[in-house]
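What follows is each chain in one-letter form.
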Amino acid sequence: MPQTYHHLTPRPTPSLLSIVIPAYNEQEVIPHLRPRLEAFLQTLPCSVEVLFVNDGSADRTLELLMDWAGADPRIKVAALARNFGHQAAVTAGLDMAIGDAVVVMDADLQDPPEVVLEMIREYCRGFDVVYGQRASRQNESAFKRLTAWGFYRFMRRFIHPDLPADTGDFRLVSRECLDALKAMRETHRFLRGMVAWVGFPQTAVRFDRPARAAGSTKYPLRKMIHFAWTAAVSFSPLPLRLSLGLGIITAMLGIIVSIIAVVSKLTGHTTAGWTSQVILVCMVGGAILVSNGILGEYIGRIFEQSKGRPLYIVSRTMNLPKPPLPHPPSTTQTTSCPQESGISTR
Ligand code: UDP
Ligand code: MG
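Criteria and cut-off values
Residues numbered from 1 in each chain as written. Chains lettered and ligands numbered in written order. Predicted model: local features only at pLDDT ≥ 70, side-chain atom pairs only at ≥ 80, totals over all residues. Heavy atoms only, no water. Helix = DSSP H or I, 4+ residues; strand = E, 2+ residues; numbered from the N terminus. Rg over C-alpha atoms; globule rule 2.2 N^0.38 Å. Buried < 20%, exposed > 50% of the residue type's maximum accessible area, 1.4 Å probe, protein only. Contact = heavy atoms within 4.5 Å. Lys, Arg positive; Asp, Glu negative; His and termini not counted. Charge placed at Lys NZ, Arg CZ, Asp CG, Glu CD. Salt bridge = Lys/Arg side-chain N within 4 Å of Asp/Glu carboxyl O. Near = heavy atom within 4 Å. Polar contact = N/O pair within 3.5 Å; in protein donor to acceptor, adjacent residues only side chain to side chain. Nonpolar A, V, L, I, M, F, W, Y, C, P; charged D, E, K, R; others polar. Donors = N, O, S within 2.8 Å, 3.2 Å for Na, K, Ca; no water. Pairing = 2+ DSSP bridges. Axes fitted to C-alpha atoms, helices over the stretch in contact; angles between N-to-C directions. Disulfide = S-S within 2.5 Å.

> Please clarify how the overall build of the protein chain should be interpreted in this entry.
Looking only at helices and strands, the protein chain features ten helices and eight strands. Taking 2.2 N^0.38 as the reference for a compact globule, 346 residues should give roughly 20 Å; the C-alpha atoms of the protein chain span a radius of gyration of 25 Å, well beyond that estimate. On the principal axes, the C-alpha backbone points of the protein chain span a range of 90 × 60 × 45 Å. In the protein chain, which comprises 346 residues, the proportion classed as buried is 42%. By sequence separation, contacts in the protein chain at least 24 residues apart represent 83% of the contacts at least 6 residues apart. Each charge class in the protein chain can be summarised by its mean position, and for the 36 positive and 29 negative side chains these summaries are 6 Å apart.

> Explanation requested: the pattern of salt bridges in the structure shown.
When the charged atoms of two side chains lie near each other, side chains of opposite charge can form a pair. The tally for this structure, following the rule as stated, stands at 17 salt bridges. For aspartate 169, the salt bridge goes to arginine 192, with nearest N and O atoms at 3.2 Å. Taken together, the residues span a long stretch of sequence, with aspartate 169 in strand E6 (residues 167-174) and arginine 192 in helix H7 (residues 191-198) at a distance of 23 residues. Each member of the pair aspartate 169 and arginine 192 is classed as buried. For glutamate 304, the salt bridge is made with lysine 307, and the minimal N-O distance between the two is 3.7 Å. Glutamate 304 gets classed as partly exposed once you look at its relative accessible area, which sits at 32%.

> Where do I start with the site of ligand 1 in this structure?
Taken together, 19 residues are adjacent to ligand 1, and Glu26, Asp55, Asp108, Thr217 and Lys218 come closest. Measuring from an oxygen atom of ligand 1, one finds a side-chain N or O atom of asparagine 83 at 3.2 Å. Aspartate 108 places a side-chain nitrogen or oxygen 2.7 Å from an oxygen atom of ligand 1. Of the residues in the shell around ligand 1, the class split is five nonpolar, five polar and nine charged.

> Which parts of the structure should I look at to understand the coordination of the magnesium ion (ligand 2)?
Surrounding the magnesium ion (ligand 2) are the protein donor atoms Asp108 (OD) and Gln110 (OE1), at 1.9 to 2.1 Å. Given the relative accessible area of 4%, aspartate 108 is considered buried.

> Can you walk me through the sheet that holds strand E8 (residues 314-318) in this structure?
Sheets are built from strands that pair by backbone hydrogen bonding, the pairs being arranged parallel or antiparallel. Taken in spatial order, the eight strands line up as E7-E5-E6-E4-E1-E2-E3-E8 in an open sheet, and their pairing is mixed. Both outer strands of the open sheet, strand E7 (202-209) and E8, are each paired with one neighbouring strand and no more. Pairwise comparison of adjacent strand axes, ignoring direction, gives a mean angle of 20 degrees for this sheet. Note that strand E3 (residues 75-80) and E8 share four bridges and pair antiparallel.

> Before we go on, may I ask you to explain the state of the cysteines in this structure?
Note on terminology: a disulfide is the covalent bond linking the sulfur atoms of two cysteines. The final tally for this structure, using the stated rule, is zero disulfides. Cysteine 177 carries a free sulfur, and the closest cysteine sulfur to it, the one in cysteine 124, is 16 Å from it.

Purely geometric stuff here, so don't read any function into it on its own.
See the structure below:
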């Protein structure tokens, strides 16, 4: 795809910077994060709000965050009603942020806050998206490094040609770009792909990704595979095409086996028909099941999306107004009489 030409218009430092941090079971990390972030906030050339989204943690994360927010009005906390997952938690933070520019970063200090200063410099040069690109990854297992390397290359080759390699969700986004992003309400979210999709001038700042400050990853292999699958099927019909390709290959093999069967019949060697029949039945059955399964994945996602449920539910906030529950899309709304909208007593 040819690169879009963007004219960069320099802009002043944001008058308010929002930093969105999702946190899920991070009680070990908060005591490390608090002094580091507070020291960093002193160095910022602009006002700041730090928006923590507690993603239904089961430990003391929310308590520690509320404590922090009680002592510092720049710290804002939104608690989700349960664990909605990292992408939904980041979405909640982005929806509530009011800054001219918004930075998303992890709670575990793997996204060093100091890199944000470089991101602001690029923002002032006129870029709308400045993503952190991992130059190196410390203390990550060879397996995690290899799977991440493979994931980004596969995605760029087949699904998202615009997806920058070796980037997570650590990035700065301008208000203009954020408003475009907020208009995309898909249920199955792959935010970094969505940011690439909206376009706008984008650039990278490279950084060395340190190890987690404390605690353990909240993205075990099971969640990573699920995330990669969402990234693939929510953005591309490629798996559907692959299942079509598989079907075509199986059908062609079927034709070859049929020709062999007919030739055997004509030449009188018809006794060994059982093996080829079993192979054929298994192959065709397998191909149909695989195709059905992939179709099912898409239909399941259409079903989820058609329910029009909110992407997350906020149960409590601190230093923040509680956001209203979004209404489902108007096509699924029914008009109700005013007297019917109260709570039923039956
Ligand atoms: N996280 C979240 N909800 C989840 C899983 C993770 O909000 O269901 C947060 C987590 O607290 C952290 C960030 O997402 O701030 C990234 O998670 P983690 O560091 O465990 O991922 P990794 O860096 O190992 O890929
Ligand atoms: Mg991490």
